[in-house]
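Results of the structural survey
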Amino acid sequence: MEGSVSTAPGQVGQATTFDGGRVEVGTGETFGLSQFTVAAWAKVSDTDTGLRTVVARQNPNASDPFQKRTFVLWFDDADEFFGAEVIATRTAESNGDLRDVTADGSYTDGEWHHLVATAASGGELALYVDGAQKGTRSIDGPLYTGPGQTWIGLSPGQDRPLNGAVDDLRIYDRALSASDVTALYDQTGGGGGS
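Everything numeric here is computed off the predicted structure, so don't read it as measured data.

Considering the sheet that holds strand 7 (residues 81-87)
Overall, antiparallel pairing links the six strands, which are arranged 3-12-5-6-7-8 in an open sheet. The open sheet terminates on both sides in strands that have one partner only, identified here as strand 3 (23-28) and strand 8 (98-102). Each strand axis lies, on average, 20 degrees off the axis of its neighbour in the sheet, ignoring direction. Note: strand 5 (residues 51-58) against strand 6 (residues 69-76), seven bridges, orientation antiparallel. Its bridge partner lying in strand 6, Ala-56 is registered against Val-72.

Quick look at the structure:
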């Protein structure tokens with residue numbers, strides 16, 4: 001943990017709260033997965049300051065770290081929605097390699113929301129919020145799985161700190177199905193649970 005990070009009661013046990021700090025999960029030369037799922041509970045309030053990171057894995061040593069991004073779950077508190085993004089078809093470091101999906105609706109309510117991004121090389125990126133699919137985007141090639149660091153509450157190499165809380169972060173080595181996502185939401189306190 002670095003910076004302003006603490007714990008508080010969460011959706012599933014204790015949550016980590018952020019006010020400009022981060023939790024470093026790990027560093028690796030390769031992510032090594034051609035498909036994966038990233039899931040977390042997040043709670044944010046409206047501060048109207050722009051993009052904020054829930055969790056991200058990217059290379060902070062790249063000239064533009066987002067161009068060597070494996071994944072990010074983020075929140076735009078100016079427009080009040082959640083989003084997910086990956087880099088695909090690693091032909092050049094350009095914006096054309098970005099694949100992203102955003103959720104409609106306003107989530108700056110200070111309540112817990114369950115975020116899930118699933119991604120598969122040659123398949124699609126999908127974003128779910130509170131057990132419901134919010135959109136998909138085709139991935140027409142391999143996902144970027146090179147060197148990177150995984151941080152909660154901040155994107156490696158970028159200044160997009162979260163003012164909020166994160167709980168029950170999970171990374172799976174497969175793309176969960178829609179029914180798997182709904183079951184996970186229900187099992188971890190969604191749908192009228194804890």
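Section: the pattern of salt bridges
In this structure the tally under the stated criterion is eight salt bridges. With a shortest N-O distance of 2.7 Å, Arg-22 and Glu-24 are connected by a salt bridge. Classification of Glu-24 as partly exposed rests on a relative accessible area of 38%. Between Glu-85 and Arg-69 there is a salt bridge, with the nearest N and O atoms lying 2.1 Å from each other. In this pair, Glu-85 is assigned in strand 7 and Arg-69 in strand 6, connecting sequence segments 16 residues apart. Given the relative accessible area of 10%, Glu-85 is considered buried. Salt bridges linked by common partners bring Glu-2, Arg-22 and Glu-24 together as one network.

Brief notes about the sheet that holds strand 11 (residues 132-138)
Pairing is antiparallel across the open sheet formed by seven strands, whose spatial order is 1-2-13-4-9-10-11. Two strands in the sheet have a free side with no partner beyond their single neighbour: strand 1 (5-9) and strand 11. Between one strand axis and the next, the sheet turns by 25 degrees as a mean value, whatever way the strands run. Examined bridge by bridge, strand 9 (residues 109-120) and strand 10 (residues 124-129) share five bridges and lie antiparallel to one another. Along strand 10, the bridge assignment pairs Val-116 with Tyr-128. Sheet strands in contact with helix 1 (residues 178-187) are strand 4 (35-45), strand 9, strand 10 and strand 13 (163-172), and its direction is about 150 degrees off that of strand 9.

Re the side chain of Thr-16
You can see Thr-16 is positioned in strand 2 (residues 14-19). Taking the relative accessible area as the measure of exposure, Thr-16 reaches 19% and is therefore buried. Apart from the residues lying within four places of it in its own chain, the contact partners of Thr-16 are Val-5, Ser-6, Val-23, Gly-164, Ala-165 and Val-166.

Remarks on the packing of aromatic side chains
Following the criterion strictly, the structure yields seven aromatic pairs and no others. With centroids separated by 5.7 Å and ring planes inclined at 50 degrees, the aromatic side chains of Phe-36 and Phe-71 adopt a geometry described as tilted. You can see Phe-36 sitting in strand 4 and its partner Phe-71 sitting in strand 6, a full 35 residues away along the chain. As far as burial versus exposure is concerned, Phe-36 and Phe-71 are alike and both buried. On the basis of an interplanar angle of 50 degrees and a centroid distance of 5.2 Å, the ring pair of Phe-75 and Phe-82 is categorised as tilted. For Phe-75, a relative accessible area of 1% puts it in the buried group. Through pairs of rings, three or more aromatic residues link up here, namely Phe-31, Phe-36 and Phe-71. Stacked on the ring of Trp-151, the Lys or Arg Arg-22 has its end atom at 3.8 Å from the ring centre.

Examining the nonpolar core
Membership of the largest hydrophobic core comes to 32 residues, with the highest contact counts inside it found for Phe-36, Leu-73, Val-86 and Leu-125. For this core, the secondary-structure elements that each account for two or more residues are strand 4, strand 5, strand 6, strand 7, strand 9 and strand 10. Element by element, the count of residues in this core is highest for strand 4, at five residues. With near-sequence residues (within four places) excluded, Leu-73 lies in contact with Val-38, Thr-53, Val-54, Val-55, Gly-83, Ala-84, Leu-115, Ala-117 and Leu-127. Of all hydrophobic cores here, the second largest spans seven residues; its members include Val-116, Leu-176, Val-181 and Leu-184.

Definitions and cut-offs
Residues numbered from 1 in each chain as written. Predicted model: local features only at pLDDT ≥ 70, side-chain atom pairs only at ≥ 80, totals over all residues. Heavy atoms only, no water. Pairing = 2+ DSSP bridges. Helix = DSSP H or I, 4+ residues; strand = E, 2+ residues; numbered from the N terminus. Axes fitted to C-alpha atoms, helices over the stretch in contact; angles between N-to-C directions. Salt bridge = Lys/Arg side-chain N within 4 Å of Asp/Glu carboxyl O. Buried < 20%, exposed > 50% of the residue type's maximum accessible area, 1.4 Å probe, protein only. Contact = heavy atoms within 4.5 Å. Phe/Tyr/Trp six-rings, centres within 6.5 Å; stacked < 30°, edge-to-face > 60°. Lys NZ or Arg CZ within 6 Å of the ring centre and 35° of its normal. Core = buried A, V, L, I, M, F, W, Y, C linked by side-chain atoms within 4.5 Å.

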